[in-house]
Amino acid sequence: GMPVEQNPPALSLYEGAESGLRCNFSTTMKGVQWFQQNHRGRLITLFYLAQGTKENGRLKSTFNSKERYSTLHIKDAQLEDSGTYFCAGDTNAYKVIFGKGTHLHVLP
Amino acid sequence: EAAVTQSPRNKVTVTGGNVTLSCRQTNSHNYMYWYRQDTGHGLRLIHYSYGAGNLQIGDVPDGYKATRTTQEDFFLLLELASPSQTSLYFCASSDAFRRERGTEVFFGKGTRLTVV
């Protein structure tokens, strides 16, 4: 299967709602990085995790290397959160492999 | 924050043309990467390198060459460009000396290439 499987492919949320994105890895990753891609195509790092959980404002991410998954939770969604979110796994082979992304649309 | 600079930011070329995309990082990172991004595929790894003179094959290398001339500079070469190579290209770098703990990757702003 795909080295990095990201779900859901697309997500619509109303302002103020919350939801989660998930990446499953087919192999052990040394770390995971979450990005938001804005409308100009710029990749903005949200989190890098080698293990455990990190929180930043309305965003929270968890990485479990043993269970081979990572999650990104968005709460109190805002219009500016719209965009495409990617996870990327840092492999033992020095490659960084991306999921296909989640297109998030926050509705007023 | 780590700086990765790509040039040009936009490029249009004709089928069969010769294109070089440039990437420079000024953070003494040893690993550098070239990705392409296409709708429905996310970012796919073309080539990467762990130092000057080194080249590693990525997941979608066909039609691309790359060269790492210095610690700072990594070039992507399309010697016979085809319309299928129309894409958004990203360069990235990371410091793998902390490899055992995993490493964060820093990205450039991207180069939009159109092959007509």
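Quantities reported herein were computed from a predicted structural model and do not represent experimental measurements.

Trainee: Please clarify how the pattern of salt bridges should be interpreted in this entry.
Mentor: Side chains that differ in charge, positive against negative, can pair when their charged atoms come close. All names here are of chain B. All told, the structure shown has six salt bridges over all chains when counted by the stated rule. Across the salt bridge formed by Arg36 and Asp38, the nearest N and O atoms sit 2.8 Å from each other. Accessibility assignment for this pair places Arg36 and Asp38 in one class, buried. For Asp38, the salt bridge is made with Arg44, and the minimal N-O distance between the two is 2.9 Å. Within this structure, Arg36, Asp38 and Arg44 form a network of salt bridges that share partners.

Trainee: Looking at this structure, I do not really get the interface of chain B and chain A. What am I missing?
Mentor: In many analyses, interface size is given as the accessible surface area lost on bringing the parts together. With 22 residues of chain B at the interface, the matching set in chain A holds 21 residues. Of the roughly 1900 Å² buried between chain B and chain A on both sides combined, carbon and sulfur atoms contribute 53%. If you look at where chain B meets chain A, you find one salt bridge. Across the salt bridge formed by Asp59 of chain B and Lys95 of chain A, the nearest N and O atoms sit 2.8 Å from each other. Here chain B and chain A share four residue pairs in polar contact (both at pLDDT 80 or more) between them. Among the elements of the structure, strand 4 (31-38), strand 5 (42-49), strand 9 (87-94) and strand 10 (105-107) of chain B are those that each provide at least two residues to the side of chain B that touches chain A. In terms of residue class, the side of chain B that touches chain A is made up of ten nonpolar, six polar and six charged.

Trainee: Can you help me understand the packing of aromatic side chains in this one?
Mentor: Taken as a whole and judged by the stated rule, the model has 13 aromatic pairs over all chains. Consider the rings of Phe35 of chain A and Phe107 of chain B, whose centres lie 5.3 Å apart with planes at 90°: the pair is edge-to-face. Here Phe35 of chain A is found in strand 4 (residues 29-37), whereas its partner Phe107 of chain B is found in strand 10 on a different chain. A relative accessible area of 9% places Phe107 of chain B in the buried class.

Trainee: Can you help me understand the pairing of strand 3 (residues 19-25) of chain A in this one?
Mentor: The side chains of a regular strand alternate, residue by residue, between the two faces of the sheet. Residue and element names in this part refer to chain A. Residues of strand 3 alternate between two faces, with Ser19, Leu21, Cys23 and Phe25 buried on one and Gly20, Arg22 and Asn24 left unburied on the opposite face. Note that strand 1 (residues 4-7) and strand 3 share four bridges and pair antiparallel. Its bridge partner being in strand 3, Asn7 is matched across the sheet by Arg22. Inspection of the sheet shows strand 3 paired to strand 8 (residues 69-74) by six bridges, in the antiparallel sense. Following the sheet pairing, Cys23 is matched in strand 8 by Ser70.

Trainee: Is there a simple way to think about the state of the cysteines in this case?
Mentor: In protein chemistry, a disulfide is the covalent bond that joins the sulfur atoms of two cysteines. All names here are of chain A. Applying the stated criterion to the full structure yields two disulfides over all chains. The partner cysteine of Cys23 in its disulfide is Cys87, sulfur to sulfur 1.8 Å. Here Cys23 and Cys87 share a disulfide; its torsion about the S-S bond, -100°, makes the bridge left-handed. One end of the pair, Cys23, is in strand 3; the other, Cys87, is in strand 9 (residues 83-91), and 64 residues separate them in sequence. Pair check on accessibility: Cys23 and Cys87 agree, each one buried.

Trainee: Explanation requested: unusual backbone geometry in the structure shown.
Mentor: Glycine aside, residues mostly have negative phi, and peptide bonds are mostly found in the trans state. Note the cis peptide between Asn7 of chain A and Pro8 of chain A, where omega equals -5°. Counting through the fold element by element, Pro8 of chain A comes out in the loop between strand 1 and strand 2 (10-14). Residue Pro8 of chain B is bonded to the preceding Ser7 of chain B through a cis peptide linkage, with omega at -10°. Inspection of the secondary structure assignment puts Pro8 of chain B in the loop between strand 1 (4-7) and strand 2 (10-13). Even without being a glycine, Arg68 of chain A presents a positive backbone phi close to 60°. Its location among the elements puts Arg68 of chain A in the loop between strand 7 (59-64) and strand 8.

Cut-offs applied
- Residues numbered from 1 in each chain as written.
- Chains lettered and ligands numbered in written order.
- Predicted model: local features only at pLDDT ≥ 70, side-chain atom pairs only at ≥ 80, totals over all residues.
- Heavy atoms only, no water.
- Salt bridge = Lys/Arg side-chain N within 4 Å of Asp/Glu carboxyl O.
- Buried < 20%, exposed > 50% of the residue type's maximum accessible area, 1.4 Å probe, protein only.
- Contact = heavy atoms within 4.5 Å.
- Buried area = accessible area lost by both parts, 1.4 Å probe.
- Polar contact = N/O pair within 3.5 Å; in protein donor to acceptor, adjacent residues only side chain to side chain.
- Helix = DSSP H or I, 4+ residues; strand = E, 2+ residues; numbered from the N terminus.
- Nonpolar A, V, L, I, M, F, W, Y, C, P; charged D, E, K, R; others polar.
- Phe/Tyr/Trp six-rings, centres within 6.5 Å; stacked < 30°, edge-to-face > 60°.
- Pairing = 2+ DSSP bridges.
- Disulfide = S-S within 2.5 Å.

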